[in-house]
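Here are the chains, one letter per residue:
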Amino acid sequence: MLGYRDLLRNRTLAPFLLSGAFSFAAPSTVLVILVWATAIAYPNALPLHTTYAALALALLGLFATIPTLGAAVVSGTLADRADRGLVMRATNLAALVASVGLVLLLGVRPTSSVSLPGPAGFYLPLWMLVAFPLWGTITVAATLFRPAFNATLPKLVSSAALGRANSVTYGVAVSLSVAGSLVATALIAPLGLAVASIVPVALFLATAVSLLLLPKLPPNAPTAPRRFATEVTEGYRYLWHHRALLQITVAALAINFLSALAFVELGLYVRDWLGVTQAILLGAMVTGASVGSGVGTLLAGRLRFERRSGAYLIVLAALQGVAVIALAFSHSIALSIPLMFLFGLFPGMSGTIFLATIQATVPNDVLGRVLAADEVGSFAMVPAGQYAGGLLTIDAGIQSTYLLVGTGTVAVGVAMAAFRGLRNLGFEPESPPPTGGATSPTSAFLPSTAPSPSSASLPPTTARASPRPAQGEPPLEHLRANPPLPRSQ
């Protein structure tokens, strides 16, 4: 099996994996800056400052997730039909321009405000009305970037190496996110929000440089031209006929809705529930979750999860809920940071396991659309959860919100265990070829489903992955020019 050093030593894989890591790290750094800026935007002297901040944070989430859902509908089709390298470069450029706009905006910070419907006297500072759409642009760009990146990876490594390749990417991304969040929040007090916002600009610039270092990526498999709407819906049809993947998507929808209830209000949790007034400690909370996620991705890469993916996903969902319940009873920043580590650890593991499973089992010519369809399904209820989180926090308080999220997430994990196909979900890893290098994606069995709609009701069985190349997939000539990836134990 390929080791982490083997992956990073390859001259094709290293810049590719780093481009994904830089790109995935940058938006989280932007978000922690905007969350803190929004949480402190209303003076404590205002009687309803907590109410105003809760609603403003909910709107921050809505400005990102609503356009993101629209972008996710078409992102997979772009990844499967357009030049994936071009898609990644163009979307990163859009995010870079928007992040530079945020630096300029936060440097000016106009003091005027706009009244909005809601509680008596509710308003948004004018700078928020400009910053929120810029944040939406960044998240849309990230949404279009992800399927192109994730669908390319199975063309560069064998299915046996997918777990570690994803672990490297997301582990580095988490490390960069941790560093970015800590540096940015540390800069807020002495130098201001605008200077802190230069940090994500640097990450997007690093993404651009990494993409420039890439050789030509493998082209998409040629297909007959079809209507765009037909292309878009193919990913949803694939999920529908592969019920274990559909069940994971529905479970993720419920978990993400619940998580959105609480974590859009993380700024208020830190400021009001924990009584913290330093921005750096919000950064420490985000860092705790990020470090946990990074450790989770690396642990997942070392687990032999392939044949038992579904069982791992069920257990990890329940453990994520337990971590949130514990957060509801914590009154200390010293305890909440380790709990945030656990909250990041479990989804970090499950995300890596699920991504490797779907990359190994879905044909590459439809992989981008399946990833996008899962993303749309998983995040469809997030906007409602973010807005509901603001209302629930106002009515019931921070602790009740977090208790609801935690118990609900545990219940989702228990419900997942009721599906036999999901419990048996897994794949047989394909070994790297003796000559090293990349292999084509393979067909692997998803328990409780079969490759065709007519057999979706067949009972689960076990089958080994076939090492045959995907139809129409060209050889990877650019990899042959590089030293082969040696095997590692």
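Placed above this text is the structure.
Residues numbered from 1 in each chain as written. Predicted model: local features only at pLDDT ≥ 70, side-chain atom pairs only at ≥ 80, totals over all residues. Heavy atoms only, no water.

A few words now on the overall build of the protein chain. Looking only at helices and strands, one finds 19 helices and two strands in the protein chain. Out of the 489 residues in the protein chain, the part that is buried amounts to 58%. In the protein chain, the share of contacts with a sequence separation of at least 24, taken over all contacts with a separation of at least 6, comes to 85%. As displayed, the protein chain has an accessible area near 18900 Å², and 69% of this comes from carbon and sulfur atoms. (Helix = DSSP H or I, 4+ residues; strand = E, 2+ residues; numbered from the N terminus. Buried < 20%, exposed > 50% of the residue type's maximum accessible area, 1.4 Å probe, protein only. Contact = heavy atoms within 4.5 Å. Areas by Shrake-Rupley, 256 points an atom, 1.4 Å probe, with all protein chains shown as cover.)

On to the packing of aromatic side chains, then. The full count for this structure, using the stated rule, is 10 aromatic pairs. Pairing Phe 24 with Phe 145 gives two aromatic rings, centres 6.1 Å apart and planes at 90°, and the pair type is edge-to-face. Taken together, the residues Phe 24 in helix α2 (residues 13–39) and Phe 145 in helix α5 (residues 126–152) connect sequence positions 121 residues apart. Across the pair, exposure class does not vary: Phe 24 and Phe 145 are buried alike. Pairing Phe 145 with Phe 149 gives two aromatic rings, centres 6.2 Å apart and planes at 15°, and the pair type is stacked. Taken as a pair, Phe 145 and Phe 149 lie in helix α5 at a separation of four residues, close to a single helical turn. Here Phe 145 and Phe 149 have matching classes, each one buried. Cluster of aromatic residues (ring-pair linked, three or more members): Phe 16, Phe 24, Phe 145 and Phe 149. Residue placement shows Arg 109 over the ring face of Trp 127; its charged tip is 5.0 Å from the ring centre. (Phe/Tyr/Trp six-rings, centres within 6.5 Å; stacked < 30°, edge-to-face > 60°. Lys NZ or Arg CZ within 6 Å of the ring centre and 35° of its normal.)

Now for the packing of α2 against helix α6 (residues 162–191). Interaxial distance between α2 and α6 falls to 7 Å at its minimum, and their mutual angle equals 30°. Regarding α2 and α6, the two cross each other, and that crossing is right-handed. Its residues assigned to classes, the contact of α2 with α6 shows 17 nonpolar, eight polar and no charged. (Axes fitted to C-alpha atoms, helices over the stretch in contact; angles between N-to-C directions. Left-handed = near helix turned anticlockwise from the far one by under 90°. Nonpolar A, V, L, I, M, F, W, Y, C, P; charged D, E, K, R; others polar.)

Taken together, the side chains of Leu 191, Val 195 and Ile 198 make up a nonpolar region of the molecular surface, amounting to roughly 250 Å² of accessible area. Within the secondary structure layout, Val 195 lies in helix α7 (residues 193–196). Taking relative accessible area as the criterion, Val 195 reaches 31% and is therefore assigned partly exposed. (Patch = residues over 30% accessible without salt bridge, like charges linked within 9 Å, V, L, I, M, F, W, Y side chains within 5 Å. Salt bridge = Lys/Arg side-chain N within 4 Å of Asp/Glu carboxyl O.)

Membership of the largest hydrophobic core comes to 129 residues, with the highest contact counts inside it found for Tyr 42, Phe 263, Leu 266, Tyr 269 and Tyr 402. Sorting elements by how many residues they give to this core places α2 first, with 15 residues. Those residues in contact with Leu 266 that lie beyond four places of it in its chain are Leu 282, Met 285, Val 286, Met 340 and Tyr 402. (Core = buried A, V, L, I, M, F, W, Y, C linked by side-chain atoms within 4.5 Å.)

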